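Structural characterization, general
This is what each chain is made of:
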Amino acid sequence: MPESQKRFYITTTLPYVNAEPHVGFAAEIIRADIIARWRRLNGDQVFFNTGTDEHGAKIHQKARSMSLEPQAYVDGIYGKFVDLLAAVGAPLDMADEGFKRNFIRTTDPHHVMAAQEFWKTVDKNGYIYKKDYSIKYCIGCELEKTESELVNGRCPLHPLQELEIIHEENYFFRFSSFKEKLLALYAAAPGFVVPNARFNEIKAFIERGPEDFSISRLASKMPWGIPVPNDPEQVMYVWFDALVDYISAIGWPDRLDGFQAWWVETGGVVQYCGKDNLRQQAAMWQAMLMAAGLPPSKAIVVDGFITGDGGVKMSKSLGNTIDPFDIVKTYGTDALRYYAARELSPFEDSPFTVERFKEAYNASLANGIGNLTSRILKLTSTYGISSALRDKESIYSDETARAYAESMAAYDIRSACEHVWARISAMDGEIQAAQPFKLLKSEAASDIERGKAVLAKLYAELWVVAVLLEPIMPHTAEAIQSLVKSNSMPEAPLFMRI
RNA sequence: CGCGGGGUAGGGUAACGGUAACCCGUCAGGCUCAUAACCUGAAAAUUGCCGGUUCGAUUCCGGCCCCCGCAACCA
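Only a predicted model underlies this, so the values are computations on that prediction, with no experimental measurement involved.

About the thresholds
- Residues numbered from 1 in each chain as written.
- Chains lettered and ligands numbered in written order.
- Predicted model: local features only at pLDDT ≥ 70, side-chain atom pairs only at ≥ 80, totals over all residues.
- Heavy atoms only, no water.
- Helix = DSSP H or I, 4+ residues; strand = E, 2+ residues; numbered from the N terminus.
- Buried < 20%, exposed > 50% of the residue type's maximum accessible area, 1.4 Å probe, protein only.
- Contact = heavy atoms within 4.5 Å.
- Areas by Shrake-Rupley, 256 points an atom, 1.4 Å probe, with all protein chains shown as cover.
- Pairing = 2+ DSSP bridges.
- Right-handed = clockwise from strand over helix to strand, strands pointing away.
- Axes fitted to C-alpha atoms, helices over the stretch in contact; angles between N-to-C directions.
- Domains from an automatic or database assignment.
- Buried area = accessible area lost by both parts, 1.4 Å probe.
- Salt bridge = Lys/Arg side-chain N within 4 Å of Asp/Glu carboxyl O.
- Parallel < 35°, antiparallel > 145°, perpendicular 65-115°, else oblique.
- Left-handed = near helix turned anticlockwise from the far one by under 90°.
- Nonpolar A, V, L, I, M, F, W, Y, C, P; charged D, E, K, R; others polar.
- 1 Å grid on protein atoms, 1.4 Å probe; cavity = no way out; pocket = protein on both sides within 12 Å on 5 of 7 lines; lining within 4 Å.
- Points joined across faces, edges and corners; volume = space filled by probe spheres on them.
- Near = heavy atom within 4 Å.
- Polar contact = N/O pair within 3.5 Å; in protein donor to acceptor, adjacent residues only side chain to side chain.

**Some thoughts on the overall build of chain A**
When its secondary structure is counted, chain A shows 18 helices and 15 strands. Along the longest, intermediate and shortest principal axes, the C-alpha atoms of chain A span 95 × 45 × 40 Å. Within chain A, the fraction of its 498 residues that count as buried is 54%. For chain A, restricting intrachain contacts to residue pairs at least 6 apart in sequence, the fraction spanning at least 24 positions comes to 76%. A total of about 22000 Å² of accessible surface is found on chain A, and carbon and sulfur atoms cover 51% of it.

**A look at the pairing of strand S12 (residues 270–274)**
The buried fraction of S12 amounts to 5 of the 5 residues, a majority that puts the element mostly inside the structure. Burial along S12 is two-sided: the face carrying Val270, Tyr272 and Gly274 and the face carrying Gln271 and Cys273 are both buried. Pairing geometry for strand S1 (residues 7–11) and S12, over 2 bridges, is parallel. Its bridge partner lying in S12, Thr11 is registered against Gln271. Here 5 bridges tie S12 to strand S13 (residues 299–303), and the two strands are oriented parallel to one another. The partner of Gly274 across the bridge, within S13, is Asp303. In this fold, S12 hands off to helix H10 (residues 278–291), which returns the chain to S13; that crossover is right-handed.

**Some thoughts on the sheet that holds strand S10 (residues 227–228)**
Taken in spatial order, the 3 strands make up an open sheet running S9-S11-S10, and their pairing is antiparallel. Strands at the two margins of the open sheet, each flanked by one partner only, are strand S9 (216–218) and S10. Two elements, S9 and strand S11 (residues 231–236), share 3 bridges in a ladder whose sense is antiparallel. Across the sheet, residue Arg217 finds its bridge partner in S11, namely Val235. Its contacts with the sheet place helix H4 (residues 109–124) against S9, S10 and S11, and it is angled at close to 105 degrees to S11.

**Considering the side chain of Thr400**
Within the secondary structure layout, Thr400 lies in helix H14 (residues 399–409). Not counting residues up to four positions away in its chain, the partners in contact with Thr400 are His419, Val420, Arg423 and Leu468.

**Remarks on the environment of Gly451**
Take Gly451: it is sitting in helix H17 (residues 445–468). In the structure, Gly451 is positioned 13 residues away from Lys438 in sequence and 7.9 Å away in space, judged by C-alpha atoms. The residues contacting Gly451, other than those within four sequence positions of it, are Pro436, Leu439 and Leu440.

**Thoughts on the domain arrangement of chain A**
Note: interface size is frequently given as the accessible area lost on complex formation between the parts. Domain annotation for chain A reports domain 1 (7–303) and domain 2 (353–486). On the domain 2 side, the residues contacting the 12 residues of domain 1 number 14 residues. The junction of domain 1 with domain 2 conceals about 1200 Å² of combined surface from both sides, 77% of it contributed by carbon and sulfur atoms. Of all residues in domain 1, Ile34, Trp38 and Leu41 give up the largest surface area on contact with domain 2, accounting jointly for 54% of the area buried on that side. Joining domain 1 to domain 2, the criterion identifies 0 salt bridges.

**Comments concerning the packing of helix H6 (residues 196–207) against H10**
At a closest axis distance of 11 Å, the pairing of H6 and H10 adopts a crossing angle of 55 degrees. In this view, H6 runs oblique relative to H10, as classed from their interaxial angle. Where H6 crosses over H10, the two elements pack in a sense that is right-handed. Contacts from Arg198, Glu201, Ile202, Phe205 and Ile206 in H6 reach Leu278, Arg279, Ala282 and Ala283 in H10. Among the residues forming the contact of H6 with H10, the class breakdown is 6 nonpolar, no polar and 3 charged.

**With respect to the layout of surface pockets**
The volume enclosed by the largest pocket comes to roughly 1600 Å³. Elements represented by at least two residues in the lining of the largest pocket include exactly helix H1 (23–41), helix H2 (57–65), helix H7 (238–243), helix H8 (245–248) and strand S14 (306–307). Counting residues per element, the lining of the largest pocket draws most heavily on H1, at 6 residues. When grouped by side-chain class, the residues that make up the lining of the largest pocket number 22 nonpolar, 12 polar and 13 charged.

**Structural notes on the protein's contact with RNA strand B**
Taken together, 53 residues lie around RNA strand B, and Arg208, Asp212, Gly370, Arg414 and Lys441 are the ones closest in. In the environment of RNA strand B, a base nitrogen lies 3.4 Å from a nitrogen or oxygen atom belonging to the side chain of Trp239. Ala366 is positioned with one of its backbone polar atoms (N or O) 3.2 Å from a base nitrogen of RNA strand B. With 11 residues, the top contributor of residues to the surface near RNA strand B is helix H13 (residues 354–383). Across the surface near RNA strand B, the residue classes tally to 19 nonpolar, 12 polar and 22 charged.

**Quick word on the packing of helix H12 (residues 333–343) against helix H15 (residues 413–434)**
The contact between H12 and H15 brings their axes to 7 Å, and the two run at 105 degrees. Judged by the angle between their axes, H12 and H15 are roughly perpendicular. Between H12 and H15, the contacting residues are Tyr338, Ala341 and Arg342 on the first element and Ile413, Arg414, Cys417, Glu418 and Trp421 on the second. A breakdown of the residues in the contact of H12 with H15 according to their chemical character gives 5 nonpolar, no polar and 3 charged.

**Things to note about the pattern of salt bridges**
Counting across every chain of the model gives 26 salt bridges. Here Glu418 makes a salt bridge to Arg342, at a shortest N to O gap of 3.0 Å. Here Arg342 lies in helix H12 and Glu418 lies in helix H15, a separation of 76 residues in the sequence. Looking at Arg342, the relative accessible area reads 15%, which means it is buried. Residue Arg375 pairs with Asp428 through a salt bridge whose shortest N-O separation is 2.6 Å. Residue Arg375 is found in helix H13, and its partner Asp428 is found in helix H15; the two are separated by 53 residues along the sequence.

Here you go:
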């Protein structure tokens, strides 16, 4: 059922710009955009946020390896992420007044100011403290050693040498203070983390007892971060800065009307994130909000990774990566959106190969919706058959639409697609079973009437399908809707077989 | 014994205490409105391995094996 006019705020995780945008991020934008468009279709005002995470050690290293200043490096690459938005059908310049898109860079002056203000607020509330932090240093290597590099607590290259302990000071966040409050938040908000397995995981993690974590780095070692207020020797740890983007994007702390409208009144943001940063989004960030005296997010939707064939990790060295721009260039935006929506699991790891992509494209787009559109509209346009089309607002009285809406509400985009394609398949079956193409050529008036009735029904159903397709494949949905309205067959196939 | 998730026909996925479903592929029919598309049917799975609970387990419990993520390196 359409809900009454209200606001909806959704965001992706900001991708880290140490490499070109990859297909995993494309999938995440598409998912968030589908949910956003679905809410828009229901009449909500929508704010869609995404952007780029531009600070931290990896960026610093990457820039240095290219002999660039970090700022010059990020200035050079962030535009590719903006381009990706347009390529996957989530462009920044939407004509729709009720659908705002925002692209935030964590190097934007407003965001930098917001992160510092956030720090000061959390500090003022007593949740930040400075602590001695010990680092293991191998004299043989003349390098710092991380726990994961050590073997039996020793440097594998110099196992006879004792590791030296170096002390440095970092700021820490009192994460441990929020155990009970986080558990209370989880208990009070069923469905706060989707899917449920991830919710259980984070609950168990917090029950074991969260530990304070470091939120700054020595500027002398890693200067590429937002300066810690009143301490020129330290910069913020990149996560502390980046997470604040969800509120700085809507105006916190200086444009509080925006924050009020999109965060307080909506009940917070719906955040998409990968399974690798469940903790940051569902626990650390929530604790940070509490520490700043702000309300929590509305929901965290956790998705899986895109893998190569056989579930192996995608990597340049294996040569199994997929460039989202290439896919769009060759097959079109809607085809990529279709694959992300129906062929990828909304929550688990899923494979993406060109072969699979082509199979899915032919089966469901060319032979499925594309062919069905042609065969129905050929008959209705030739014989001048049509019927009343449902208002988009009342589309949810349709059975398929109701099931679809239920799936969307649970962020189960694939399941929503399944309902639509089950309908498409059923319609193909109806044509075969009733054979209206034969009835219309009959001598008997009753046959002709029956043929017309069947087609009038299919015509109306095609409209319903085209409306349900709007969030998933906006261009295709529009194309079919306009063909249905003018009752004309597509001049060229909607999806050419490949 | 760190924590969590996953392991289902050739490939990819779904379901979930009671005849294991879907897509691609394969094989055999049918139809001709449509993009050589569409429809029907068939073959194909002892649901990772071992044990337990149960009238009955893919589904619950225990152990083991393998894969993925996390475990304040980095994000």
